[in-house]
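Given next are the chains, with one letter for each unit.
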Amino acid sequence: GPLRLARRQVVGILAPSQPEWAVVLLGIVRSGAIAMPLNEQMGDQELERVLEHSGCRALVTTAALATRTPALDRVDSLILLDDEVPADFERPQARSWRALLHDEPGDLPELQPDEPTLLLYTSGTTGTPKGVPLTRCRCTTPIR
């Protein structure tokens, strides 16, 4: 069926730096869901902990990264930034970003400035990563 993101649903982004990354981030945020950028350099254990702690059930990634670790088996929806899902790909719930183009678009919600928009995990220099939510007004306030 069509991909429907619930409002305030956490959606992870685990992908290389490429133009599509920015498009994905903006699309997630505009849908009313919460975008959670994930660093490709994260270790498997750290990645698993962040996915569990955040309650992330949907992930945008590449086929190459999706097969990297069993930690990603816990997500229900997997959107690949590849043009097609590889024939030998073993995750039946995976869809290519191109498949989303055939979905009927849903209505976009009216977003409030105090709604969470981004969920960033940061550890600073030591310790386990902590989730830091940013709201729309925190993201759009000009830096002086």
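In what follows, the structure referred to is the one given above.
Now for a quick tour of the structure. (Residues numbered from 1 in each chain as written. Predicted model: local features only at pLDDT ≥ 70, side-chain atom pairs only at ≥ 80, totals over all residues. Heavy atoms only, no water.)

Notes on the overall build of the protein chain
Broken down by element type, the protein chain carries 5 helices and 7 strands. Reading the helices (α) and strands (β) of the protein chain from amino to carboxyl end gives β-α-β-α-β-α-β-β-α-β-β-α. A buried classification covers 38% of the 144 residues belonging to the protein chain. In the protein chain, the proportion of contacts linking residues at least 24 apart, taken out of those at least 6 apart, comes to 47%. Just so you have it, the protein chain exposes about 8700 Å², and 54% of that area is on carbon and sulfur atoms. (Helix = DSSP H or I, 4+ residues; strand = E, 2+ residues; numbered from the N terminus. Buried < 20%, exposed > 50% of the residue type's maximum accessible area, 1.4 Å probe, protein only. Contact = heavy atoms within 4.5 Å. Areas by Shrake-Rupley, 256 points an atom, 1.4 Å probe, with all protein chains shown as cover.)

Notes on the nonpolar core
Counting residues in each nonpolar core, the largest one holds 22 residues, and the members touching the most others are M36, L38 and L78. Within the residue set of this core, elements represented by two or more residues are β1 (10-14), β2 (34-37), α2 (44-54), α3 (63-66), β4 (77-80) and β6 (116-122). Those residues within four positions of L38 in sequence are excluded, and the remaining contacts are G12, I13, L14, L47, V50, L51 and L59. Counting 15 residues, the second-largest nonpolar core is a separate cluster that includes V11, V24, I28 and L118. (Core = buried A, V, L, I, M, F, W, Y, C linked by side-chain atoms within 4.5 Å.)

A word on the pattern of salt bridges
For the structure on display, the rule yields 7 salt bridges. E115 is paired through a salt bridge with R8; the nearest N and O atoms lie 3.9 Å apart. You can see E115 sitting in the loop between α4 (97-100) and β6 and its partner R8 sitting in the segment before β1, a full 107 residues away along the chain. Relative accessible area serves as the criterion here: at 5%, E115 is assigned to the buried category. Ionic pairing is found between D73 and R91, a salt bridge with its closest N-O pair at 3.5 Å. In this pair, D73 is assigned in the loop between α3 and β4 and R91 in the loop between β4 and β5 (94-96), connecting sequence segments 18 residues apart. For R91, a relative accessible area of 12% translates into the label buried. The network of salt bridges with common partners includes R7, R8 and E115. (Salt bridge = Lys/Arg side-chain N within 4 Å of Asp/Glu carboxyl O.)

Notes on helix α1 (residues 19-30)
Between its first and last C-alpha atoms α1 spans 17 Å; for 12 residues at 1.5 Å apiece the expected length is 16 Å, and the two agree. Among all positions of α1, only V24, L25, I28 and V29 are buried. Projection of α1 onto a plane perpendicular to its axis shows the buried side chains occupying an angular sector of 125 degrees, all on one side. Away from its buried face, by an angle of more than 90 degrees, α1 presents the exposed residues P19, V23 and L26. For α1, the elements touching its buried residues are β1, β2, β3 (58-61) and β6. G32 sits one or two residues past α1 and shows a positive phi near 95 degrees. (Expected span 1.5 Å × (residues − 1). Arc of directions from axis to C-beta.)

Examining the side chain of T135
On the secondary structure map, T135 appears in strand β7 (residues 130-135). Not counting residues up to four positions away in its chain, the partners in contact with T135 are P113, D114, E115, P116 and T117.

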